Amino acid sequence: MEIDPFIFRLSIFILSIFIGYYVVWSVTPSLHTPLMSVTNAISSVIIVGAIIAGLAGDSNSIFNTSSIFGFLAISLAAVNIFGGFLVTQRMLAMYKKKKKEK
Amino acid sequence: MISANLSAIFYLISGVLFILALRGLSSPETSRQGNFFGILGMIIAITVTFLSIGNFSSGFIYVLIFLLIGGLIGAFIAYKIPMTAMPELVAGFHSLVGLAAVFVAISAFLNPVAFNLGTPGNIKLGSLIEMSIGAAVGAITFSGSIIAFLKLQGIMSGSPITFKGQHPLNALILISIIILTYLLCSTQSSNLFWILLAVSFLIGFLLIIPIGGADMPVVISMLNSYSGWAAAGIGFTLENTALIITGALVGSSGAILSYIMCKGMNRSFFNVILGGFGATEQSASSANKEQKPVKSGNAEDAAFLMKNASSVIIVPGYGMAVAQAQHALREMVDTLKKNNIKVSYAIHPVAGRMPGHMNVLLAEANVPYDEVFELEEINNDFANADVAFVIGANDVTNPVAKTDPQSPIYGMPVLDVEKCKSVLFVKRSLSPGYAGIDNDLFYKDNTLMLFADAKKMTEEITKNLD
């Protein structure tokens, strides 16, 4: 009997939760705000689903109900991707070490 | 057009890059590189999606247009937003992830052929379950984040909104979501799909309204977690590894942050979620304590105390963010340092409105991060410090948490500010903090209250130091 591919995806999912658990505990508390903004940005990888949805219409009708929702989702996710990464970049650029005095 | 296997490998690579992005945040030095990995992972994921569809017809142009519109808006916001507004921004962004998840789920439900999930009315059972979960969690994330955003922005009152029968109602709605999902999967009815979405939007709204302003760190972290689970649900539907990995990462990240925040308040997760904290016990203790003597001073007194100190610990809180006092504070510290006074900053885990809020504001004001310490790192130093300068913090310094088992904040880890030789407490008035209880620190012999706006007071102290 073959294993359902769903099981493989579930394995990836469960193992990723554990990776997330250990990686996030090692994040220094002073960077918790950038952590939130960057997780925000990466969770917008949901845009791949939106792109598939947006391109699903055929050449005669680019816009149907399904693809319109896809296009809207593309814009929403794009706000997050650009906004999330850029604001993280902006924050991280501010974290500086003490300058050697004297 | 590239093969499904090859694109799956690229999605895996982008998933790994996302893990590295989070890994980079373990220290500020590696964090910028980590962010770069994240961006790279995103570029790979998007490019591979285009290549695997291989449809570069007119629809492609529209994809780029919508991508660009969103991207420009996002970039504009990221560039313009003041650092003090970071909690609102993050809440707003969470709502977008949630809504995007809902839209993708709707799209997949209406046109399952495009996603290889079967035909309308006959969607594969597993996919339909995953889709419903993704859509429901996405909808909860969306409406919950909107409420959190409104509360943080001050458009909606930060105080908890409670009504009779709230918890039974919420429980009923949550159960109905499960039943609806079950019915949807057995009947494939599109009406049920829309009802499921509507009910999920409603519960997201109802879950967040009873939670008060200062509990927002927990709420934001929790919604962060939800947005991850929503993404993972959609990832299962689309059989996309990058999305599954990312969803799991974000989901556990948010969950850990919520846990850290709850621990910082010594409250259970459920206690926070059920809400209504600090709404009721306001009046009980304040009436008789108001009579106690309080020493208050002005900027001159404060400057005198600090000038004669050899070490000063600064305790910032949400009030500093409200008054935008971080730059003025750093100028004051610069002057202190010129006089050879050792200065460090003590940050309580729940100071501010989101995890790490204070650290970002101090970083913005050019405070080097190696002068900023967490509660456990610095708490023992208060006993040896000469002056503690409390600016905009309140409950997190209240010694009652250690002494009075009756107090609602008893057991909460607090900064041992009262052990300093003297305490300078900048505050507008004697009003109690979020927990609705009086701060014993106000009435200690070694406390000098400085009644003023945090920014103005700090500027005045700096003038007097010269």
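Residues numbered from 1 in each chain as written. Chains lettered and ligands numbered in written order. Predicted model: local features only at pLDDT ≥ 70, side-chain atom pairs only at ≥ 80, totals over all residues. Heavy atoms only, no water.

Attention now goes to the overall build of chain B. Assigned secondary structure in chain B consists of 18 helices and 8 strands. In summary, chain B has a C-alpha radius of gyration of 25 Å against a globular reference of 23 Å for 466 residues, a match within 12%. Once the C-alpha set of chain B is aligned to its principal axes, its extents read approximately 75 × 50 × 30 Å. The 466 residues of chain B split such that 59% are buried. A fraction of 77% describes how many contacts in chain B between residues 6 or more apart in sequence connect residues 24 or more apart. Working note: accessible area of chain B is about 18100 Å², and carbon and sulfur atoms make up 62% of it. When the 26 positive and 30 negative side-chain charges of chain B are each reduced to one mean point, those points stand 2 Å apart. (Helix = DSSP H or I, 4+ residues; strand = E, 2+ residues; numbered from the N terminus. Rg over C-alpha atoms; globule rule 2.2 N^0.38 Å. Buried < 20%, exposed > 50% of the residue type's maximum accessible area, 1.4 Å probe, protein only. Contact = heavy atoms within 4.5 Å. Areas by Shrake-Rupley, 256 points an atom, 1.4 Å probe, with all protein chains shown as cover. Lys, Arg positive; Asp, Glu negative; His and termini not counted. Charge placed at Lys NZ, Arg CZ, Asp CG, Glu CD.)

The next point concerns the overall build of chain A. Along its length, chain A carries 4 helices and 0 strands. Going from N to C terminus, chain A has its helices and strands arranged as α-α-α-α. A globule of 102 residues ought to have a C-alpha radius of gyration of about 13 Å, yet chain A, at 20 Å, is considerably larger. Along the longest, intermediate and shortest principal axes, the C-alpha atoms of chain A span 70 × 45 × 15 Å.

Residues and elements named next belong to chain B. A large share of strand E6 (residues 387–391) lies buried, amounting to 5 of its 5 residues. Judged by which residues are buried, E6 turns out to be covered on both faces: Val-387, Phe-389 and Ile-391 on one side and Ala-388 and Val-390 on the other are all buried. The sheet contact formed by E6 and strand E7 (residues 422–427) spans 5 bridges and is parallel. Across the sheet, the residue bridging to Val-387 is Ser-422, located in E7. (Pairing = 2+ DSSP bridges.)

Right, let's talk about the pattern of salt bridges for a bit. One pass over the structure, following the stated rule, counts 9 salt bridges over all chains. A salt bridge links Glu-239 of chain B to Arg-9 of chain A; the shortest N-O distance between them is 3.4 Å. With Glu-239 of chain B in the loop between helix H8 (216–238) and helix H9 (241–264) and Arg-9 of chain A in helix H1 (residues 5–25), this pair bridges two chains. Look at Glu-239 of chain B and you get partly exposed, because its relative accessible area is 44%. Overall, the relative accessible area of 16% leaves Arg-9 of chain A in the buried class. When the shortest N-O distance is used, the salt bridge between Arg-428 of chain B and Asp-453 of chain B registers 3.0 Å. A residue pair is termed long-range when its members are at least 10 positions apart, and Arg-428 of chain B in the loop between E7 and strand E8 (447–451) and Asp-453 of chain B in the loop between E8 and helix H18 (454–465) qualify at 25 residues. The network of salt bridges with shared partners includes Lys-402, Asp-416, Glu-418 and Lys-419 of chain B. (Salt bridge = Lys/Arg side-chain N within 4 Å of Asp/Glu carboxyl O.)

A few words now on a nonpolar patch on the surface. A surface patch of nonpolar side chains, amounting to about 650 Å² of accessible area, comprises Phe-63, Ile-68 and Leu-72 of chain A together with Ile-61, Tyr-62, Ile-65, Ile-69 and Ile-73 of chain B. Structurally, Ile-73 of chain B can be placed in helix H3 (residues 58–80). (Patch = residues over 30% accessible without salt bridge, like charges linked within 9 Å, V, L, I, M, F, W, Y side chains within 5 Å.)

Here we come to the sheet that holds strand E5 (residues 372–374) of chain B. Hydrogen bonds between backbone groups are what pair the strands of a sheet, and the pairing can be parallel or antiparallel. All names here are of chain B. The strand order across the open sheet built from 6 strands is E5-E4-E3-E6-E7-E8, with neighbouring strands paired in parallel fashion. Among the strands making up the open sheet, the edge pair consists of E5 and E8. Here the average twist between neighbouring strands, direction ignored, is 25°. Note that E7 and E8 share 5 bridges and pair parallel. Considered in E8, the bridge of Leu-424 is made with Leu-448. (Axes fitted to C-alpha atoms, helices over the stretch in contact; angles between N-to-C directions.)

Below, the discussion takes up the nonpolar core. Core analysis: the biggest nonpolar cluster contains 189 residues, and Ile-314, Phe-382, Phe-389 and Ile-461 of chain B have the highest contact counts within it. Top element by residues in this core is helix H4 (residues 86–110) of chain B. It accounts for 16 residues. Not counting the four nearest positions on each side in its chain, Phe-382 of chain B is found in contact with Ile-313, Val-315, Ala-346, Ala-388, Leu-415, Asp-416, Val-417, Lys-419 and Cys-420 of chain B. Phe-13 of chain A together with Ala-232, Phe-236 and Ala-248 of chain B belong to the second-largest nonpolar core, a separate cluster that totals 5 residues. (Core = buried A, V, L, I, M, F, W, Y, C linked by side-chain atoms within 4.5 Å.)

Looking at the secondary structure, you find Gln-188 of chain B in the loop between helix H6 (166–187) and helix H7 (190–208). Excluding residues that lie within four positions of it along the chain, Gln-188 of chain B makes contacts with Phe-109, Gly-121, Asn-122, Ile-123, Leu-128 and Leu-183 of chain B.

The subject of this paragraph is empty space enclosed by the protein. Space left empty within the atom packing is revealed by a probe, the size of a water molecule, rolled over the atoms. What the rule picks out here adds up to 1 cavity of 30 Å³ or more. Roughly 40 Å³ of volume is contained in the largest cavity. Lining the largest cavity, in full, are Ser-30 and Tyr-95 of chain A together with Asn-359, Leu-362, Ala-363, Val-367, Pro-368, Tyr-369 and Val-372 of chain B. Sort the elements by how many residues they give to the lining of the largest cavity and helix H15 (residues 357–364) of chain B lands first, with 3 residues. Each residue belonging to the lining of the largest cavity can be placed in one class, and the counts come to 7 nonpolar, 2 polar and no charged. (1 Å grid on protein atoms, 1.4 Å probe; cavity = no way out; pocket = protein on both sides within 12 Å on 5 of 7 lines; lining within 4 Å. Points joined across faces, edges and corners; volume = space filled by probe spheres on them. Nonpolar A, V, L, I, M, F, W, Y, C, P; charged D, E, K, R; others polar.)

Another point: the side chain of Ser-43 of chain A. Tracing the backbone shows Ser-43 of chain A in helix H2 (residues 32–43). Excluding anything up to four places from it in sequence, Ser-43 of chain A contacts Val-97, Ser-227, Ala-231, Thr-246 and Val-250 of chain B.

Residues and elements named next belong to chain B. Three or more residues of helix H12 (residues 299–307) are buried, namely Ala-299, Ala-302, Ala-303 and Met-306. Buried positions in H12, seen along its axis, are confined to an arc of 100° and lie on one side of it. Among the exposed residues of H12, those pointing more than 90 degrees away from its buried face are Glu-300 and Phe-304. N-capping of H12 is provided by Asn-298, with a side-chain oxygen placed 3.1 Å from the backbone N of Glu-300. (Arc of directions from axis to C-beta. Polar contact = N/O pair within 3.5 Å; in protein donor to acceptor, adjacent residues only side chain to side chain.)

All right, on to the packing of aromatic side chains then. Residue and element names in this part refer to chain B. Applying the stated criterion across every chain yields a total of 16 aromatic pairs over all chains. Summarising the aromatic geometry, the rings of Phe-36 and Phe-37 are spaced 6.5 Å apart at their centres and angled 45° between planes, so their arrangement reads as tilted. Where Phe-442 meets Tyr-443, the ring centres are 6.1 Å apart and the plane angle is 65°; that geometry is what we call edge-to-face. Phe-442 sits in the buried class, given a relative accessible area of 0%. Assessed through its relative accessible area of 11%, Tyr-443 is described here as buried. (Phe/Tyr/Trp six-rings, centres within 6.5 Å; stacked < 30°, edge-to-face > 60°.)

Residue and element names in this part refer to chain B. Spanning 12 residues, H18 covers 16 Å between terminal C-alpha atoms, matching the ideal 16 Å at 1.5 Å per step. Here H18 has its buried residues at Ala-454, Met-457, Thr-458, Ile-461, Thr-462 and Leu-465. Seen end-on, H18 carries its buried residues on one side only, within an arc spanning 140°. Opposite the buried face of H18, by more than 90 degrees, sit the exposed residues Lys-456 and Lys-463. Among the structural elements, H12, helix H13 (318–323), helix H14 (326–338), E6, E7 and E8 are those in contact with the buried residues of H18. (Expected span 1.5 Å × (residues − 1).)

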